[in-house]
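As a plain string of letters, each chain reads:
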Amino acid sequence: MDRETRVTWTPSRRALAVAVLSLGVLAPFAGSPYALPKTVSASDLAGWIRSHRPGLRVVDVRTRAEFDDYHIPGAQHAALESLRVGDGDAVVLVADAAAIEQARQRFGRRVYVLDGGFDAWRNEVLHPKHPTAASRYFGGERRGGC
């Protein structure tokens with residue numbers, strides 16, 4: 001039981017050891033395959049729309065009834081399953097938590113998600129505490145009582 005075990009470093013074991021060490025060093029830079037989509041604030045999205053950001057697509061994946069009730073100007077309604085994202089697109093999703101999870105699985109960080117969803121758009125752009133250039137551009141009104 002007191003025998004010393006020695007490892008013989010054959011060329012194939014050396015190659016495997018080098019590969020394992022290399023991957024270990026590179027792993028922190030690879031990013032997580034479970035990374036959440038990037039987020040964009042309602043104020044920033046309003047600015048992107050106003051400045052006609054190239055490749056911008058606002059895609060509302062809420063229910064058709066919610067979309068028909070009110071949607072961000074220029075947004076298109078689509079089912080998440082049918083959404084295609086091109087390389088030059090800056091796609092911003094207006095979505096609920098379940099759709100955000102699906103987007104994470106399907107697109108990773110290739111899409112943006114409206115931070116706070118449609119409620120954030122309503123509170124920051126349409127009815128802010130203090131009017132901004134963006135809220136005036138989109139016809140927003142100051143929230144009452146503020």
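For the structure, check the block above.
Here's a quick rundown of the structure. Just so it is clear, the model here is predicted, and its values are computed rather than measured.

A word on the pattern of salt bridges
Okay, so step 1: In total, this model carries 5 salt bridges according to the counting rule given.
Okay, so step 2: Residues Asp 60 and Arg 62 are paired through a salt bridge, measuring 2.9 Å at the closest nitrogen-oxygen approach.
Okay, so step 3: For Arg 62, a relative accessible area of 14% gives the class buried.
Okay, so step 4: Among the salt bridges present, the one from Asp 68 reaches Arg 64, with a minimum N-O distance of 3.4 Å. With a gap of 4 residues between them, Asp 68 and Arg 64 both fall in helix H3 (residues 64-69), about one helical turn apart.

Some remarks on the nonpolar core
A general feature of soluble globular proteins is that nonpolar side chains tend to end up buried together.
Okay, so step 1: With 23 residues, the main nonpolar core has Leu 45, Ile 72 and Trp 121 as its most contacted residues.
Okay, so step 2: When residues of this core are traced back to their parent elements, those giving at least two are helix H2 (42-50), strand E2 (56-60), strand E4 (90-94), strand E5 (112-114) and helix H5 (117-126).
Okay, so step 3: Those residues in contact with Trp 121, other than ones at most four positions away along the chain, are Ala 42, Leu 45, Ala 46, Ile 49, Tyr 70, Ile 72, Pro 73, Leu 114, Leu 126 and Phe 138.
Okay, so step 4: Core analysis: the second largest hydrophobic core is formed by 13 residues, Val 59, Val 61, Leu 80 and Phe 107 among them.

Observations concerning unusual backbone geometry
Okay, so step 1: At His 52, a position not held by glycine, the phi torsion is positive, near 55°.
Okay, so step 2: As for its position among the elements, His 52 is in the loop between H2 and E2.
Okay, so step 3: On the accessibility criterion, His 52 (62% relative accessible area) is exposed.

A few points about the pairing of E2
Side-chain positions along a regular strand alternate between the two faces of the sheet.
Okay, so step 1: Burial runs high along E2: 4 of the 5 residues are buried.
Okay, so step 2: Here 5 bridges tie E2 to E4, and the two strands are oriented parallel to one another. The residue bridging Val 59 from the neighbouring strand is Leu 93, located in E4.
Okay, so step 3: Of the pairings in the sheet, the one linking E2 to strand E3 (residues 76-77) comprises 2 bridges and is parallel in character. Across the sheet, residue Asp 60 finds its bridge partner in E3, namely His 77.

Rules used throughout
- Residues numbered from 1 in each chain as written.
- Predicted model: local features only at pLDDT ≥ 70, side-chain atom pairs only at ≥ 80, totals over all residues.
- Heavy atoms only, no water.
- Salt bridge = Lys/Arg side-chain N within 4 Å of Asp/Glu carboxyl O.
- Buried < 20%, exposed > 50% of the residue type's maximum accessible area, 1.4 Å probe, protein only.
- Helix = DSSP H or I, 4+ residues; strand = E, 2+ residues; numbered from the N terminus.
- Core = buried A, V, L, I, M, F, W, Y, C linked by side-chain atoms within 4.5 Å.
- Contact = heavy atoms within 4.5 Å.
- Pairing = 2+ DSSP bridges.

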